[in-house]
Structures are given as structure tokens and as C-alpha cells.
Amino acid sequence: MPNIIMLISELDELLSNKNLSGAEKLLASALYDAEKSGSTSEMLTILSEQIGLFRKLGKSGEGINASLRAIALLEESGQAGSVSGATILLNAATALKAFGKASEALPYYEKTLEVYKNNLSDDDERFGGFYNNYAFCLMDLKRYSDAENAFLSAAALMEEKSGCAYKAAVTYVNMTDLYALMEKSGEEIVGLMEKAIELFDDYLNVRDGDYYYALSKCLPAIKDMGFDSDATAFQDELDNFYNKKEER
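This one's a predicted model, so the numbers in the text were calculated from it and none came from an experiment.

**Q** Would you take a moment to explain the side chain of glutamine 50 for this structure?
**A** As for its placement among the helices and strands, glutamine 50 is situated in helix α3 (residues 40–57). On the accessibility criterion, glutamine 50 (8% relative accessible area) is buried. Not counting chain neighbours up to four residues away, the residues in contact with glutamine 50 comprise Leu27, Ala28, Leu31 and Ala66.

Right, here's the structure in full:
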């Protein structure tokens, strides 16, 4: 039977060294051991990690299979109705969406939302991550108005939380693609990016690895929208952060 704490520690070490093939082998071996022991909770934890890894690797067949297996285990064990189970369900739904199965993913997003609403406070940060992922699924299904509402729900939640403004910024950057699909005016699209830049600049943001990762993912869009001076300033800040990390 795998020791989950030790397993996650070893997995984090492999991922930090970008050893994805090693991580894949580790999880496959751990899943085999968990299956032999018959531990549903350990199998679910490992499957959830596999789902995320297969998304990174772009392995659609493996990712879909791991997602469907996790969903089946959650339903068989009755754990889909718990917050931890719903979070795994969200992970599986997001993988299905990423691998081109938005229609199949939709009911699992809806189940996650139901569980979260029944068990979490309205201002719980987990809703922010949920609504962002849900919005992308709705975009794939061309339910643009619903996607806009989901993005706005995520942004409103994160803007209200101290130190989370940059997470709302990511949502506004994502919305620029949605607004283009909705054929919104250029002024509205530019307004979203201006809001995102303002939120990235919020002095309450903790300038840690998560912040700079989010900024790095949004920087190409900031550049493409023609915000050259802001993009340059952000790039300098990014370079300074990662250079200091390498010097340690």
C-alpha cells in the first residue's frame, strides 16, 4: 500500500525537476499497489494526480480513461457528494473538456457546483477556480452568455479577497477571448485588459511563484493587445524574480 504523503512528496520532487516520465511511472506503480490493497481513497488520490499529469503530457486516451475511472469510483463509493470528491470530479471534468469532450464534462461540472453550494460558504476561494474552468467548458459548447456569467462570478469573488486580485486578472484576460467570440466591441475587449493590468499591479498581491506563474501565462496576451510599456515592466519583474530564484 503506498504511503500517500511520501508519494506526493516524491511526485512533487519529480515534477519540480520536470521529470514527467518519472512521475508517470511513479503514479502507475502507486496505483497498482493501491488496487491490490483495495483502498478506494488512495486510488482516487492517485487517479486525480494522474489526470493532471496526463493533461500536462497531452495524453488524451490515458487522461480520459483516468478521468472516467475516477468518476466511476466516486459514484460507486458515494464520495462524489463530498467536497473532496467534488474537487476530484472537477479535475476529471476539466480533463475531459481539455481533451475535446465538453459535452460529457458538463454534467460533472454541474454536480461539482451543486456539492460546493451545499457545503461551502459563498466566498470560498474554490468557487473561483470552479467558475473559471466551468466557463471554458461553456465556451466550447458555444454557450457564451453563460460563460460570461461564470467568468464574472469568478472575477467578483477573487477581487473581494485580499491578495487574490491577480487571480481575477487572469479571469479578465481569459474573457478577452470570449468577448472576441461574442463579437463585442474593441473598446470592451481593451477595457478587460486594462482591468487585468490594474489587478496585476494591485499592491496587496503576494509576489510569489503562483503570482509570477499567472503573470507569465497572461503576458503574451498583454503584449498582443499592444500594452507594450506594461508588458515590458511585467517582463522585467518576471526576469528579476526567476533570476533571484536561480541564484539561491
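**Q** I would appreciate a short explanation of helix α4 (residues 60–77) in the present structure.
**A** Over its 18 residues, α4 runs 26 Å from end to end, which matches the ideal 26 Å to within 8%, given 1.5 Å per residue. Three or more residues of α4 are buried, namely Gly63, Ile64, Ala66, Ser67, Ala70, Ile71, Leu73 and Leu74. In the core, the buried residues of α4 are packed alongside α3, α5 (83–98) and α6 (102–119). Taken from the residues just after α4, glycine 78 is the one with a positive phi, measuring 80 degrees.

**Q** Looking at this structure, I do not really get the state of the cysteines. What am I missing?
**A** By definition, a disulfide links two cysteine residues through a covalent bond between their sulfur atoms. Here the structure, examined in full by the defined rule, presents zero disulfides. Unpaired in this structure, cysteine 218 has its nearest cysteine sulfur neighbour in cysteine 164, at a distance of 15 Å. On the basis of relative accessibility, which here comes to 3%, the residue cysteine 218 falls in the buried class.

**Q** Got a minute to help me understand a negative patch on the surface in this structure?
**A** A contiguous patch of negative charge, built from Glu10, Asp12, Glu13 and Glu49, is present on the exposed surface. Here the negative patch gets three residues from one element, more than from any other, and that element is helix α1 (residues 4–16). Looking at the secondary structure, you find glutamate 10 in helix α1.

The rules behind these values
Residues numbered from 1 in each chain as written. Predicted model: local features only at pLDDT ≥ 70, side-chain atom pairs only at ≥ 80, totals over all residues. Heavy atoms only, no water. Helix = DSSP H or I, 4+ residues; strand = E, 2+ residues; numbered from the N terminus. Buried < 20%, exposed > 50% of the residue type's maximum accessible area, 1.4 Å probe, protein only. Contact = heavy atoms within 4.5 Å. Expected span 1.5 Å × (residues − 1). Disulfide = S-S within 2.5 Å. Patch = residues over 30% accessible without salt bridge, like charges linked within 9 Å, V, L, I, M, F, W, Y side chains within 5 Å. Areas by Shrake-Rupley, 256 points an atom, 1.4 Å probe, with all protein chains shown as cover. Salt bridge = Lys/Arg side-chain N within 4 Å of Asp/Glu carboxyl O. Lys, Arg positive; Asp, Glu negative; His and termini not counted. Charge placed at Lys NZ, Arg CZ, Asp CG, Glu CD.

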